[in-house]
Amino acid sequence: KQWYQRRVRVLQFESRFECGNLRKAVQVRIFEYDLILNSDIGSVRHHQWFYFEVRNMVADFPYRFNIINCEKSFSSFTQGMQPLLYSTQDAIKNSSAWQRTGKRIC
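Thresholds, definitions, all that
- Residues numbered from 1 in each chain as written.
- Predicted model: local features only at pLDDT ≥ 70, side-chain atom pairs only at ≥ 80, totals over all residues.
- Heavy atoms only, no water.
- 1 Å grid on protein atoms, 1.4 Å probe; cavity = no way out; pocket = protein on both sides within 12 Å on 5 of 7 lines; lining within 4 Å.
- Points joined across faces, edges and corners; volume = space filled by probe spheres on them.
- Helix = DSSP H or I, 4+ residues; strand = E, 2+ residues; numbered from the N terminus.
- Nonpolar A, V, L, I, M, F, W, Y, C, P; charged D, E, K, R; others polar.
- Salt bridge = Lys/Arg side-chain N within 4 Å of Asp/Glu carboxyl O.
- Pairing = 2+ DSSP bridges.
- Axes fitted to C-alpha atoms, helices over the stretch in contact; angles between N-to-C directions.
- Polar contact = N/O pair within 3.5 Å; in protein donor to acceptor, adjacent residues only side chain to side chain.
- Contact = heavy atoms within 4.5 Å.

**Q** I'd like to hear about the layout of surface pockets, residue by residue, with values.
**A** There is about 2,400 Å³ of room inside the largest pocket. Lining the largest pocket are 50 residues, and of these M57, F65, P83, L85 and T101 lie nearest its centre. For the lining of the largest pocket, the elements supplying multiple residues, two or more each, are β4 (53-55), β5 (64-67), β6 (84-86), α2 (88-93) and β7 (98-100). Each residue belonging to the lining of the largest pocket can be placed in one class, and the counts come to 25 nonpolar, 14 polar and 11 charged.

**Q** Which residues make up the pattern of salt bridges, and what values go with them?
**A** Pairing is possible between side chains of opposite charge, provided their charged atoms come close. The tally for this structure, following the rule as stated, stands at 4 salt bridges. A salt bridge links R55 to E53; the shortest N-O distance between them is 2.5 Å. Each of R29, E32 and R64 takes part in salt bridges that share partners, so that together they form one network.

**Q** Please provide a residue-by-residue account of the sheet that holds β5, values included.
**A** In spatial order, the strands read β2-β3-β5; together these 3 strands make up an open sheet with mixed pairing. The open sheet has two edge strands, β2 (22-29) and β5, and neither has a second partner. In this sheet, adjacent strand axes meet at a mean angle of 25 degrees when their direction is disregarded. Pairing of β2 with strand β3 (residues 32-37), which is carried by 6 bridges, proceeds in the antiparallel orientation. Bridge pairing in β3 links R29 to E32.

**Q** Which residues make up the side chain of N66, and what values do they have?
**A** Relative to the elements of secondary structure, N66 occurs in strand β5. Looking at N66, its side chain comes within polar contact range of the side chain of D34, at 2.9 Å. Apart from the residues lying within four places of it in its own chain, the contact partners of N66 are E32, Y33, D34 and L35.

Structure representation (structure tokens):
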């Protein structure tokens, strides 16, 4: 096994909490996951946001999340907006647990 394969664990996803909307997560490569969202309330196919928890990430490894059913011709992410990430580890160490992050979005 490669050195990174010994350190990397399968990620655990959770969204069974208020406003969580992740329906399914499938690992497609070692650092890549396809995600499927539940539709927004009152809609059968629109997905304006996403909210879920991820555990078992290894620091300093780039992960890729593909939101399969979130296709819009215009998105704030195509204009440079980054997803908001909450880190429990950062909350313990610092006071700034929420941060904008991500590269090559959309």
